[in-house]
2 protein chains.
Amino acid sequence: MPAPRESSRVRVTIIVRIRDGVLDPQGEAVRQALIDMGHGTVEDVRIGKVVEVILPSGPGLPELTREWCERLLANPVVERYEIVGIEPL
Amino acid sequence: MPAPRESSRVRVTIIVRIRDGVLDPQGEAVRQALIDMGHGTVEDVRIGKVVEVILPSGPGLPELTREWCERLLANPVVERYEIVGIEPL
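None of the values given here were measured: they were computed from a predicted structure. (Residues numbered from 1 in each chain as written. Chains lettered and ligands numbered in written order. Predicted model: local features only at pLDDT ≥ 70, side-chain atom pairs only at ≥ 80, totals over all residues. Heavy atoms only, no water.)

Draft legend 1. Just the overall build of chain A, in detail. Regarding its fold elements, chain A presents two helices and three strands. The linear arrangement of helices and strands in chain A, starting from the amino end, is β-α-β-α-β. The globule rule puts the C-alpha radius of gyration for 89 residues at 12 Å, and the 18 Å found for chain A is more than 25% above it. For chain A, the spread of C-alpha atoms along the three principal axes comes to 55 × 30 × 15 Å. Looking at chain A residue by residue over its 89 residues, the buried ones come to 37%. Summarising the internal contacts of chain A: among those between residues at least 6 apart in sequence, 74% fall at separations of at least 24. (Helix = DSSP H or I, 4+ residues; strand = E, 2+ residues; numbered from the N terminus. Rg over C-alpha atoms; globule rule 2.2 N^0.38 Å. Buried < 20%, exposed > 50% of the residue type's maximum accessible area, 1.4 Å probe, protein only. Contact = heavy atoms within 4.5 Å.)

Draft legend 2. Region of interest: the sheet that holds strand 1 (residues 9-18) of chain B. Ordered in space as 3(A)-1(A)-2(A)-2(B)-1(B)-3(B), the six strands form an open sheet in which the pairing is antiparallel. Looking at the sheet topology across the chains shown, the edges are occupied by strand 3 (79-88) of chain A together with strand 3 (79-88) of chain B. Averaged over all pairs of adjacent strands, the angle between their axes in this sheet comes to 20 degrees, without regard to strand direction. One ladder, built from eight bridges, connects strand 1 (residues 9-18) of chain A with strand 2 (residues 44-56) of chain A; its direction is antiparallel. Each residue of the ladder has a partner; that of A:V12, found in strand 2 of chain A, is A:V53. Across the sheet, helix 2 (residues 61-73) of chain A lies against strand 1, strand 2 and strand 3 of chain A, angled at about 145 degrees from strand 3 of chain A, the strand it touches most. (Pairing = 2+ DSSP bridges. Axes fitted to C-alpha atoms, helices over the stretch in contact; angles between N-to-C directions.)

Draft legend 3. Examining the relation of the copies chain A and chain B more closely. Relative to chain B, chain A is turned by 180 degrees and slid 0.0 Å along the rotation axis, the superposed coordinates differing by an RMSD of 0.0 Å. This pairing of chains is accounted for by a two-fold axis. No C-alpha of chain A approaches the rotation axis more nearly than that of A:K49, which lies at 2.3 Å. Counting the interface residues of chain A, we find that 100% of their copies in chain B are interface residues as well, pointing to one common contact surface. (Least-squares fit on C-alpha atoms with pLDDT ≥ 70 in both.)

Structure representation (structure tokens):
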């Protein structure tokens, strides 16, 4: 099996969700709309973000990704993030 | 193993992504910000939505979920959806 080329690329996938207990007005609007569409009971709707970053692979990607999440992608007071995957393309 | 109670609940998870080739201004802003944070090359950033719906389980949930996606959650011209999971809670 050949070693990965240095120029290979990866896709980093991050999900950012609103923390439990924090109000989600967009989710609440969707919940009401689903009820209005005629489905009886919809208990809760939460809406988060999926961030997909494509970049050249390199060392320290998990640490770099955590730094992105903490400094830019998620507001830790009201959001939590999950690094879902770092996959070669 | 007891049969599932009729009152049991499920979490439906849907991801809505902007179609390839369609401009994603929010993703482009994040791409620039990641570059400004000092990481050299960031090729592309795409930002989508994760929708999590909690409701009582019942028959026809996959069909119902597709109807929600097509009528409410995704704009098929510029977005595509993926039903990621329907899990009991």
